[in-house]
Structure formats: C-alpha cells, structure tokens
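# Tertiary structure, described
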Amino acid sequence: MERFEERSEMSGNTGKLVILSAGGTGGHMTPAQALGRDLLSRGYRVEVFTDRRGMAYQSMFEGMVMHEIKAGTLGAGLWGKLKGLASLGVGALQARTLLKTLRPAVVVGFGGYPSVPGVYMAQKLKMPTIIHEQNAIIGRANALLARKAKRIALSLPDVRGLEETDQIRCIVTGNPVRPEIAALYLQPYPAPQQDGPLRIFIMGGSLGAQVFSRILPEAFGKLSADHRARLEIVQQCREEDLPAVREAYGRNGIKAELAVFFNDVPAMLAASHLVIARS
C-alpha cells in the first residue's frame, strides 16, 4: 500500500497506469515525453521503461516513475550480436517482473531496441500494446513488434516495411509534440534587423547530422567577414564531431554554441531567424 501511495503522489493521480517503453536517443524519448505529459493531464498514471542512455533524459519526465532496464543493439559480427541478444534477454526478464507487478492498462513502445523488452514481454503476458513509428520506413524493432500490437500509430501515411496484415491496425497520429513547441505556431516570426545578429539554429535529429557538422561550418566560412561577424550559431553535434566543428567555427571567427543535446529547444526555436534541421 505504501508503494502505491508513493507512486500516486509522484504522478499526481490514481488513474489507470500506462507504461511508455522508449530509450536510446531523443528521437524516441521526446515523443514519449510528450505523450506522457498529455496522459498525466488526462488523469492517467505514467511510468517509463528505458535503458541507461534514456535515463539521461530523466529531468524531462517529471511526474513519471522511470525504470532502467537492460537493452542493447545487435552489433557487428557474431560477438556483437550475441552480446546484444544477451542484453535484450536480461531486459526482457526485468520487464516481465515489473509488468507482472504493475499490471498496466497498456504498454506503448516508441521504437528502437530499448523499447523491445517492455513491449515484447507485455505481448507475451497478453497485455495490450501500441507501437509508434516516427519514420517513413518502419524500424527493425517496431517491425518485430508490429504483428502482435493492438494498434500501430504512424507519424506519416504510407510507411514502408509494414506487412499488409498489419496495415488494418494502423492509424496516422503524427508525431507527439511538446506543448511548448506546438505553442510556437502562434508566435510571430522574429525578423532580423539590418546589420543586426542573424541567429541560426542547426538541429540534426536525435544524434545530430554528421553532414551538417562537416559542411555547414565550411559553408558559413565562405561568407564575407562582415556577414560572418553577424552570425550566432547554435548547433547540435555528435560527441565525436564537437572538437572539429568548434575549431572550424573558431578559425572562421564565427560565434557558435555547440552541444550534443539541448534541453531548451522551444526557446531556441523562438529566438532563431533561421532553422536548419533534419529528423
């Protein structure tokens, strides 16, 4: 009883429990967080199954209990595949124990291998599952889980890689978006001022686009000195690309803020004159 009261206090309600199974990168975690916040506002309890990398996003999941479970990708070669399968196996056992204790109303998976243990074990235990596919081509994890999912939510119509037998259970929902980002639609465009700063936000998907890190600093470097002096760049990069991108901007005298992940994306979007992005 004490455990239930502690969970209810954290989530702010005592409604039905929904488990979100996501992990790995922001591309999977941010839509999970957006759905979680919406569910909390509707009176549901929400808990999250995620991997070690997903736990780095814990601050985004206020009011939601988070559980770290083992997960791994099927790496290159026989050893990489065996190691990944062993990790997924351990995660499946952890998820099974949690699911039998928590008894959620539904488990929602957001793709990527970290989502597999929670959704797969829910299906084995005959619990309702939903999977969400963010991309135009279904990922391997979701393809594995689709056959036994009660519903398949799609960000885009005509997703490639789905079996014909799965398409009858598909519904186009779009990609869940955080309210603070959706609200930007109503804000006026921040027009640049003559000879004023030009703020450019570069966001390359959940891990950053290597092509942006390779091409854009050099492209901006070809501008005149006066134009380069106006630039204020905020760019998401892969960890391994940060030193080279920082050196390129510094060499060209361009002011740049670089990071692997930004927590304040809505504020950055609102302040930007130009956004260069991929997802």
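Counting restarts for each chain, with residues numbered from 1 along the sequence as it is written. Only residues with pLDDT of 70 or above have their local features reported here, since the model is predicted, and side-chain atom pairs are shown and tallied only from 80 upward, although totals for entire chains, interfaces and linings are computed over all residues. Hydrogens and water molecules were not included; the side-chain quantities draw on all heavy atoms of the structure.

### What to know about the overall build of the chain
Only DSSP runs of H or I reaching four residues or more are called helices, and only runs of E reaching two or more are called strands; each is numbered from the N terminus. Each helix and strand in the chain was counted, giving 11 helices and 11 strands. Here the chain holds 279 residues, and the buried ones make up 46% of them. Contact between two residues is taken to exist if any of their heavy atoms lie within 4.5 Å; hydrogens are not considered. Partitioning the intrachain contacts of the chain with sequence separation of at least 6 by distance along the chain shows that 60% fall at a separation of at least 24. Here the chain has roughly 15200 Å² of accessible surface; of this, 55% comes from carbon and sulfur atoms. When accessible area is computed with a 1.4 Å probe and restricted to protein chains, residues below 20% of their type maximum are described as buried, those above 50% as exposed, and intermediate ones as partly exposed. Residue-level accessible areas treat just the shown protein chains as cover; the underlying method is Shrake-Rupley with a 1.4 Å probe.

### Quick word on the packing of aromatic side chains
Geometry of aromatic contacts follows a simple scheme: Phe, Tyr and Trp rings, the Trp one being its six-membered ring, pair when their centres are within 6.5 Å, and the pair is stacked under 30 degrees between planes, edge-to-face over 60, tilted otherwise. Overall, the coordinates contain two aromatic pairs when judged by the stated rule. When the centroid spacing of 6.0 Å and the interplanar angle of 75° are considered together, the rings of Phe201 and Phe262 count as edge-to-face. Residue Phe201 is found in strand S8 (residues 198–204), and its partner Phe262 is found in the loop between strand S10 (255–259) and helix H11 (265–271); the two are separated by 61 residues along the sequence. With a relative accessible area of 1%, Phe201 lands in the buried category. Taking the relative accessible area as the measure of exposure, Phe262 reaches 7% and is therefore buried.

### Side note on the side chain of Asp51
Within the fold, Asp51 resides in the loop between strand S2 (45–50) and strand S3 (65–68). Take Asp51: its relative accessible area is 6%, and that puts it in the buried class. At a separation of 2.9 Å, a polar atom in the side chain of Asp51 contacts the main-chain amide nitrogen of Gly54. In this structure, Asp51 is in contact with Ala22, Gly23, Gly24, Glu68, Ile69, Ala71 and Pro114, ignoring residues within four places of it in sequence. Counting of polar contacts relies on pairs of N or O atoms within 3.5 Å, with two restrictions inside protein: one atom must be capable of donating a hydrogen and the other of accepting it, and residues adjacent in sequence are counted only when both atoms are side-chain atoms.

### Looking at the pattern of salt bridges
A pairing counts as a salt bridge when a side-chain nitrogen of Lys or Arg comes within 4 Å of a carboxyl oxygen of Asp or Glu. Tallied over the full model, the rule gives seven salt bridges. As a salt-bridge pair, Glu180 and Arg37 come within 3.1 Å of each other at their nearest N and O atoms. Here Arg37 lies in helix H2 (residues 26–41) and Glu180 lies in helix H7 (residues 179–182), a separation of 143 residues in the sequence. Ionic contacts of the salt-bridge type, sharing partners, join the residues Glu218, Glu247 and Arg251 into one network.

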